[in-house]
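# Fold and contact review
Spelled out from the first residue to the last, the chains are:
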Protein chains: 2
Amino acid sequence: MQTAEARILDRDNPIDWLHSLVPADMAAVDRLVHERIGSAVPLIPDLARHLVDSGGKRLRPLLTIAAARLNGYRGTAHAKLAAAVEFIHTATLLHDDVVDVSALRRGKIAANVVWGNKSSVLVGDYLFSRAFQLMVEAGDVGVLDVLANASAVIAEGEVLQLRSVNNLATTREEYLRIIAAKTAALFAAAAEAGAMIGNAPREFTSAMRAFGHHLGIAFQLIDDALDYSGRQVQMGKSVGDDFREAKVTHPVIVAHERASEAAKEFWHRAIEDGVQHDGDLKRAIAIIDETGALDETRALAHHHARMAIAALAAVPPHEIRQALISVAEFCVSRGY
Amino acid sequence: MQTAEARILDRDNPIDWLHSLVPADMAAVDRLVHERIGSAVPLIPDLARHLVDSGGKRLRPLLTIAAARLNGYRGTAHAKLAAAVEFIHTATLLHDDVVDVSALRRGKIAANVVWGNKSSVLVGDYLFSRAFQLMVEAGDVGVLDVLANASAVIAEGEVLQLRSVNNLATTREEYLRIIAAKTAALFAAAAEAGAMIGNAPREFTSAMRAFGHHLGIAFQLIDDALDYSGRQVQMGKSVGDDFREAKVTHPVIVAHERASEAAKEFWHRAIEDGVQHDGDLKRAIAIIDETGALDETRALAHHHARMAIAALAAVPPHEIRQALISVAEFCVSRGY
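Residues numbered from 1 in each chain as written. Chains lettered and ligands numbered in written order. Predicted model: local features only at pLDDT ≥ 70, side-chain atom pairs only at ≥ 80, totals over all residues.

## A few points about the overall build of chain A
Stated precisely, the cut-off is as follows: Secondary structure elements follow DSSP: runs of H or I no shorter than four residues count as helices, runs of E no shorter than two count as strands, and numbering proceeds from the N terminus. The exposure scheme places C-beta atoms from the backbone and then counts, for each residue, the other C-beta atoms within 10 Å of its own, assigning buried at 20 or more, exposed at 12 or fewer, and partly exposed in between.
Helices and strands together make up the secondary structure of chain A, namely 17 helices and zero strands. In chain A, which comprises 336 residues, the proportion classed as buried is 55%.

Structure, rendered in structure tokens:
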């Protein structure tokens, strides 16, 4: 444990610390990811690489690897599962980016619009299928079950979220249900799958699943908060995507609930009617800040990070366990 | 066999005949399909039911059931695989319907365009996941492998097809590669999976796979031909979808190859440039007819139907085998 504490101090980012504990495994995951996005159809690796090499921290596959190693797993199937988890995540991102235009009619398609939505959807489908091939290769039917269930739950969560767009009647409970499905389900399944592949005891597997679940919730709440963070604006980072898309996230629910009459009208126009003008994002950020909605969102994220850490009480001491605790702490304190 | 022959005469449609040979199995598939599109999120079954209950003949799951029963399978897992096959097909249809609009920029989303592309994509993802859950339940890793591979190949085929849109340089070979992937792969996997679930001998399994593959090619070629069928217009059926979407299908490849200079210019404007006027579809149908492109497409379909039937030589005599032969014959003679 002493070494672990020392290394925390050496590194700004606990996710990097966790990576450094399983470097060969994560290199294997990276090789698999690049190998399996290959296709005789060049658009597929071109498009997939765009996301896969975009500098993400690979947090989800890292959970799979960490859980497996923490349980003393010595095989190689965990890398396949981790790559599958990364593919499910990437496919979800691709499908998330599909532009919605039911108002448009099908019909003549000009050459300049051929590459776009369709490619994202189909390359996403390809990666989903590649994920399932990897899971099948890993050969554990119980794990397949966990990850297939997670895929279904993610899709359900994304559909639920569609319903919350433009909808200020979305409650906190509904919102938590959405993010439990669209984000936390994959974190939970990733960690659980890593434990299961090495036939971990039931208590260990449940602990890893709970850790992943709460980490996912905390992670998403912070993401939502950062999208309205004035500090982000100062840092020159992009904010306001959720606002522009009229998504009703936790900060909006709280701010709307506590808003003055004038501010309520603002939310109705900008979110429910989807009518937005220049300066509206700045106003939204101000209201969210004044009403304490950002603080409340962050506090809820911290609560879930603590729950994640508490779940690890059932897991034996190990440097990986220590790093996972730091990851949970970092995910809710991060400013980006 | 006598009974079989008598029943052919009693029924206009050999697919119905095949259904009538496995009614309890297909009822089980139907129950599973309706049970598994269920979700606490009402949009999912609403949207999925729209396709699932649209009066399709369920030809793909029927191949799974037929292959299993033909091999004397007496269990119930084949119904799960057949439902999974139907879900993969339905998901593909949903994703196919996504409108492509890369020219549109993300940004403000008005309430009236919230339901559309995104719902189709996400409900498709849900059905894909449900398909994998069903396959996992069926519990045969070999079958999982076959169907996961088919899913990846289908997605590859769809991406390949994107590249052929607006592209008159698409060759016959490239086109056959596209339809082998986007259509025939699922027919082949459906039939193979049915054989595998009952541990059929290798020769039987290969025969069923070959049957499905050739049937799928034949089926798609006829679909392509019907999209330019003057007779269809007379029957008041919809034609010209491929033309309007500037898809380069087999009839177009042949007609363009054989076209006069004036007709070549027409194809370039309508397909490569995607500039279409009133009356263009009529002209396209006339050229395709005059050049013999429709006849050649039908002839190729008949060739593949014969190959499908020839593959069944390795399968023992049985009323289901007889019905499969009739299905292959029907698929290339159908006028709708």
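## Concerning unusual backbone geometry
The phi angle at Asn 199 of chain A is positive, at roughly 50°, despite the residue not being glycine. Of note, Asn 166 of chain B is a non-glycine position whose phi angle comes to about 65°, a positive value. Structurally, Asn 166 of chain B is set in the loop between α8 (141-164) and α9 (172-197).

## Concerning the nonpolar core
Counted only if it meets this: Note on terminology: a nonpolar core is any set of buried Ala, Val, Leu, Ile, Met, Phe, Trp, Tyr and Cys residues joined through C-beta atoms within 7 Å. Once C-beta atoms have been placed from the backbone, residue pairs whose C-beta atoms lie within 7 Å are recorded as contacts.
The biggest cluster of nonpolar side chains holds 241 residues, and the ones touching the most others in it are Met 135 and Ala 218 of chain A together with Met 135 and Ala 218 of chain B. Setting aside anything within four residues of it in sequence, one finds Met 135 of chain A in contact with Leu 81, Ala 84, Val 143, Leu 144 and Leu 147 of chain A.

## Focus: the environment of Arg 60 of chain B
Its location among the elements puts Arg 60 of chain B in helix α5 (residues 59-70). Remark: the alpha-carbon pair of Arg 60 of chain B and Ala 207 of chain B, spanning 147 residues in sequence, is separated by 16 Å.

## Some words on the environment of Val 327 of chain A
All names here are of chain A. With respect to the secondary-structure elements, Val 327 resides in helix α17 (residues 319-333). With 312 residues separating them in the primary sequence, Val 327 and Ile 15 have C-alpha atoms 5.8 Å apart. Ignoring any residue separated from it by four or fewer positions in sequence, one finds Val 327 in contact with Pro 14, Ile 15 and Leu 18.

## Looking at the packing of helix α3 (residues 23-36) of chain B against α5 of chain B
Residues and elements named next belong to chain B. Counted only if it meets this: Note on method: axes are straight lines fitted to C-alpha atoms, helices fitted across the in-contact stretch only, with angles between N-to-C directions ranging 0 to 180 degrees. Orientation labels follow simple angle bins: below 35 degrees gives roughly parallel, above 145 gives roughly antiparallel, 65 to 115 gives roughly perpendicular, and whatever is left gives oblique. Should the near helix be turned anticlockwise from the far one by less than a right angle, the crossing is termed left-handed; should it be turned clockwise, right-handed.
Viewed as axis vectors pointing N to C, α3 and α5 meet at an angle of 135°, and their least axial separation amounts to 10 Å. Judged by the inter-axis angle, α3 sits oblique to α5. For the pair α3 and α5, the crossing hand works out as right-handed. Taken together, the residues of α5 that come into contact with α3 (itself represented by Asp 25, Met 26 and Val 29) are Pro 61, Leu 62, Ile 65 and Arg 69.

## Digging into the environment of Asn 117 of chain A
All names here are of chain A. Following the sequence through the fold, Asn 117 ends up in helix α7 (residues 117-138). Taking the C-beta count within 10 Å as the criterion, Asn 117 has 24 such neighbours and is therefore assigned buried. Through-space distance from the C-alpha of Asn 117 to that of Leu 176 is 29 Å; in sequence the pair is 59 residues apart.

## Comments concerning α5 of chain B
Residues and elements named next belong to chain B. What counts, and what does not: The length a helix should cover is 1.5 Å for every residue beyond the first.
With twelve residues, α5 should reach 16 Å at 1.5 Å per residue; the first-to-last C-alpha distance of 16 Å fits that figure. Where α5 is concerned, the buried positions are Leu 59, Arg 60, Pro 61, Leu 62, Leu 63, Thr 64, Ile 65, Ala 66, Ala 67, Ala 68 and Leu 70. Each element contacted by the buried residues of α5 is listed here: α2 (14-21), α3, α6 (77-96), α9, α10 (202-226) and α17 (319-333). Once α5 ends, the next one or two residues include Gly 72, with phi positive near 80°.

## Quick word on the packing of helix α8 (residues 141-164) of chain A against helix α7 (residues 117-138) of chain B
Note the threshold: Any residue that is not Ala, Val, Leu, Ile, Met, Phe, Trp, Tyr, Cys, Pro, Asp, Glu, Lys or Arg is counted as polar, Gly included; the first ten are nonpolar and the last four charged.
Taken N-terminus to C-terminus, the directions of α8 of chain A and α7 of chain B make an angle of 160°; their axes are 8 Å apart at the nearest point. Considered as vectors, α8 of chain A and α7 of chain B are oriented roughly antiparallel to each other. As for the relative orientation of α8 of chain A and α7 of chain B, their crossing is left-handed in sense. Residues Val 141, Leu 144, Asp 145, Ala 148, Asn 149, Ser 151, Ala 152, Ala 155, Glu 156, Glu 158, Val 159 and Leu 162 of chain A of α8 of chain A form the contact with α7 of chain B, whose participating residues are Lys 118, Ser 119, Leu 122, Val 123, Asp 125, Tyr 126, Ser 129, Arg 130, Phe 132, Gln 133 and Val 136 of chain B. Split into classes, the residues belonging to the contact of α8 of chain A with α7 of chain B amount to twelve nonpolar, five polar and six charged.

## A look at the confidence of the model for chain A
Residues and elements named next belong to chain A. Counted only if it meets this: Values of pLDDT, ranging from 0 to 100, describe the predictor's confidence in every residue of the model.
Predicted confidence across chain A gives a mean pLDDT of 90, with 90% of residues reaching 70 or more. Below a pLDDT of 50 lies the segment residues 1-10, which in the model reaches ten contacts outside its immediate sequence neighbourhood of four places, other chains included. Taken together, the stretch residues 102-114 has pLDDT below 50 and engages in 30 contacts with residues farther than four places along the chain or on a different chain. What the predictor reports for the complex is a pTM of 0.91 with an ipTM of 0.90.

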